[in-house]
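Here's the letter readout for the chains.
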Amino acid sequence: MVTPTTLVYSRPQAFTDSPTHYCPGCTHGVAHRLIAEVLEEMNLISRTIGVAPVGCAVFAYNYFDTDFVEAPHGRAPAMATGIKRVLPDRIVFTYQGDGDLASIGMGEIVHAAARGENITVIFINNANYGMTGGQMAPTTLPGMKTTSSPYGRDVETQGYPIRMAEMLATLDGVGYCVRRSLHDPKNIRLAKKAIRLAFETQLRGLGFSLVELLSTCPTNWGMSPVEALRFVEERMIPVFPLGDYKVAPGVAQITVRNT
Amino acid sequence: MPKELWKGNEAIAEAAVRAGLQAYFGYPITPQSEILEYLARRMPELGRAFVQAESELGAINMVYGAACTGARVMTSSSSPGISLMMEGISYIAGTEVPAVIVNVMRGGPGLGNIAPSQADYNQAVHGGGHGDYPRIVLAPASVQEAIDLTALAFDLAETYRMICMLILDGSLGQMMEPAEMPEMKPIVQREFDWAVTGAMNRPRRILSSIYIDPVAEEVVNFRLAKRWQEVQVREVRYKEYYLDDAEIVVVGFGTAGRIALSAVRAARAEGISVGLLRPVTVSPYPYSVIEELAKHVQGFLVTEMNMGQMFDDVRLAVQGRAPVEFYGRPGGVVPFPDEILAEIRRLASGQWSPDPDARLSWQKRMASVIQR
């Protein structure tokens, strides 16, 4: 029998009852849950406004029990800027995939970071455009086959993957910028701690915060969920190393209790 | 308030501030940059939001975000920049949030030039962004009217949860005229039942332009159309000059209308029965006014600083009841009153164009005028 003393896992308050539309084995659901847990733990649900992207997470607003807007493709950081500038005491976050953030929305993300917009960005890097059927993304690995790189990404003609966390960390407006992975429980716990720190950064007005999360796309990768997790660990992490790329001094002083 | 000498662009900026502008997002482009520059000084001193965006795409999406909170928000640009904003404009329209956009038009297409033009009429009034959406478009012809319409634009946008765009040409943005500024209105935090502000003490709200179910999107399209019908009934605005006994009616908006007024006055001095209709709202358009005039006048002369865009709307209203002539100067060229006066004299002497589309006759007449 589940009693308050034996209850160790439940749906976070920041979630609605909506059933998921994400594919089996996709780590979007894990990322959503981590955000929901953090918002609940920090008691921010009623103060938070989310900005959904265009991509698989276009329906993110169905899952979070917070106010939400839905941005044009890539423009979430600009929309978040508009919201935060008129409602500076609210918590504003964007949730964006790699096509959204690192391709069509490159201008918006770089300048939001450069301005030090006091917003939080959760960046899902799954190395392809999931929603439109698995085309090549700016983050697609060299040699990786996608529907628009059917012979494998040829760096001679299709260029190299973009490491967003490293790039954005060079900007002075950034308070916190890290990369984590969602491929196993240990890394999921580390990812949650990073998401918590990112929202703490915003809460304390310490500047732009971004957590890049290496994620799976079993459907478009043509893998089982387990194979996809292994792909993240063995193939993606060498190209996208996990790490803290910018932790401003004020952010480094924040202590977050493990939950 | 006493009259002061105001430059068009700065007058629009100050009028917006006094109407309670809470946030401005913009990007530099000639000939509207003074709006951005003025508000870069003015907004911070009032503790209000100002961001010079990374692009017009950035600016319009900042407007979109701020509009979703129910704040009074504005952006401004000039023709190429407005083209870039069209994505966001369609999203704002689809989300049914209010926003004020100013287009200080310049010569085009493409990079064109920075001279005064009215070539974005069709983009503003009939098209622009994708999808089926209405929008209110106001066309001032003087600095004073630009001030008055800026204040009105916010009220219209909020009343109808709709984009309200001001279109004026670069000359009006750049010219200085004596004008009276309204009193400063205090910022009112409006409690809209749709605004996204954080779900404190209420159920959460979502603002989006996505309706993945076509049947639901169809409902939205019908809702927008119904709201537009209300706008068409209530909000048509125009100015008429010497129309009571006019046999020839000149129709022009903005600066072209203002120049035409000089020509109409000169023609009246010569004894020609001519009047002027100057639409102030070019969307909704004063179709019924023109339709009524068409029943008893000899004909119309449409004058624009483009290749004849509003001309189509006048013909639509006239419905073939009377001839509709055209005289325009596109590409950033501003007509002189004498040019329009010559056209009025031509019509008064009974020399109507032989082509069914009078723009063709006009192009033939212009062959000797335009520099090669």
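The structure presented is a predicted model; accordingly, all values stated were derived computationally and were not measured.

(A) How the structure looks around the state of the cysteines. In this structure the tally under the stated criterion is zero disulfides over all chains. Cysteine 56 of chain A takes part in no disulfide bond, and the closest cysteine sulfur, belonging to cysteine 217 of chain A, lies 6.1 Å away.

(B) Region of interest: the domain arrangement of chain B. Residue and element names in this part refer to chain B. Under the domain assignment used here, chain B contains domain 1 (3-234) and domain 2 (238-366). The partner domain 2 presents 25 residues to the 32 residues of domain 1 that form the contact. Taken as a group, Gln118, Tyr121 and Ala141 account for 33% of the area that domain 1 buries against domain 2, more than any other trio of residues on that side. Where domain 1 touches domain 2, the interface holds three salt bridges. Between glutamate 177 and arginine 258 there is a salt bridge, with its nearest N and O atoms 2.4 Å apart. At the boundary of domain 1 and domain 2, one finds 17 residue pairs in polar contact (both at pLDDT 80 or more). Sorting the residues of the side of domain 1 that touches domain 2 by element identifies helix H5 (121-125), strand S6 (136-138), helix H6 (143-160), strand S7 (163-169), helix H7 (170-174) and helix H8 (214-234) as the ones contributing at least two each. Along the lines of polarity and charge, the residues of the side of domain 1 that touches domain 2 split into 18 nonpolar, nine polar and five charged.

(C) Layout of the pattern of salt bridges. Scanning the entire structure with this criterion turns up 43 salt bridges over all chains. Here aspartate 67 of chain A and arginine 202 of chain B are joined by a salt bridge, their closest N and O atoms 2.5 Å apart. Taken together, the residues span two chains, with aspartate 67 of chain A in strand S2 (residues 67-70) and arginine 202 of chain B in the loop between strand S8 (176-180) and strand S9 (206-207). Given the relative accessible area of 0%, aspartate 67 of chain A is considered buried.

(D) Quick peek at the interface of chain B and chain A. Facing the 34 residues of chain B at the interface are 33 residues of chain A. Looking only at chain B, the three residues that lose the most surface to chain A are Glu54, Arg204 and Ile210 of chain B, adding up to 23% of its buried area. Our enumeration of links across chain B and chain A arrives at four salt bridges. A salt bridge links arginine 204 of chain B to aspartate 65 of chain A; the nearest nitrogen and oxygen atoms lie 3.7 Å apart. Between the two partners, chain B and chain A, sit 15 residue pairs in polar contact (both at pLDDT 80 or more). At eight residues, the largest contribution of residues to the side of chain B that touches chain A is made by helix H3 (residues 56-68) of chain B. A breakdown of the residues in the side of chain B that touches chain A according to their chemical character gives 20 nonpolar, nine polar and five charged. Both S2 of chain A and S9 of chain B contribute to a ladder of two bridges, which runs parallel. In the strand pairing of S9 of chain B, valine 69 of chain A is matched with leucine 207 of chain B.

(E) Highlighting unusual backbone geometry. Omega for the bond connecting threonine 30 of chain B with proline 31 of chain B falls within 30 degrees of zero, at 5°, which places this linkage in the cis form. Looking at where proline 31 of chain B falls in the secondary structure, it is placed in the loop between strand S2 (23-26) and helix H2 (33-45). A positive phi is found at asparagine 43 of chain A, a non-glycine position, where the angle reads about 60°. Here asparagine 43 of chain A lies in the loop between helix H1 (28-41) and strand S1 (48-52).

(F) Representation of the packing of aromatic side chains. All told, the structure shown has 16 aromatic pairs over all chains when counted by the stated rule. Ring geometry for tryptophan 6 of chain B and tyrosine 38 of chain B: centres 6.2 Å apart, planes at 65°, overall edge-to-face. Here the residue tryptophan 6 of chain B occupies a position in strand S1 (residues 3-7), and tyrosine 38 of chain B occupies one in helix H2, the gap between them amounting to 32 residues. We note that tryptophan 6 of chain B, like tyrosine 38 of chain B, is buried. Grouped by ring-pair contacts, the aromatic residues Phe15, Phe64, Phe68, Phe93 and Phe199 of chain A constitute a single cluster. When the ring centre of tyrosine 9 of chain A is taken as origin, the NZ or CZ atom of arginine 33 of chain A, which lies over that ring, is 3.8 Å away.

(G) Molecular detail of H1 of chain A. All names here are of chain A. An ideal rise of 1.5 Å per residue puts 20 Å on 14 residues; H1 measures up with 20 Å between its terminal C-alpha atoms. Among the 14 residues of H1, ten are classified as buried, and the element is accordingly described as predominantly covered. Those residues of H1 hidden inside the fold are in contact with S1, strand S3 (91-97), strand S4 (120-125), helix H7 (185-203) and strand S8 (208-214). Positive backbone phi, at 60°, marks asparagine 43, one or two positions downstream of H1.

(H) Expanded view of helix H1 (residues 8-18) of chain B. Residues and elements named next belong to chain B. Taken across its eleven residues, H1 has ten buried, putting it largely inside the fold. Those residues of H1 that sit buried are Gly8, Asn9, Ala11, Ile12, Ala13, Glu14, Ala15, Ala16, Val17 and Arg18. Remark: glycine 20 follows H1 within two positions and exhibits a positive phi of approximately 100°.

The rules we used
- Residues numbered from 1 in each chain as written.
- Chains lettered and ligands numbered in written order.
- Predicted model: local features only at pLDDT ≥ 70, side-chain atom pairs only at ≥ 80, totals over all residues.
- Heavy atoms only, no water.
- Disulfide = S-S within 2.5 Å.
- Domains from an automatic or database assignment.
- Contact = heavy atoms within 4.5 Å.
- Buried area = accessible area lost by both parts, 1.4 Å probe.
- Salt bridge = Lys/Arg side-chain N within 4 Å of Asp/Glu carboxyl O.
- Polar contact = N/O pair within 3.5 Å; in protein donor to acceptor, adjacent residues only side chain to side chain.
- Helix = DSSP H or I, 4+ residues; strand = E, 2+ residues; numbered from the N terminus.
- Nonpolar A, V, L, I, M, F, W, Y, C, P; charged D, E, K, R; others polar.
- Buried < 20%, exposed > 50% of the residue type's maximum accessible area, 1.4 Å probe, protein only.
- Pairing = 2+ DSSP bridges.
- Phe/Tyr/Trp six-rings, centres within 6.5 Å; stacked < 30°, edge-to-face > 60°.
- Lys NZ or Arg CZ within 6 Å of the ring centre and 35° of its normal.
- Expected span 1.5 Å × (residues − 1).

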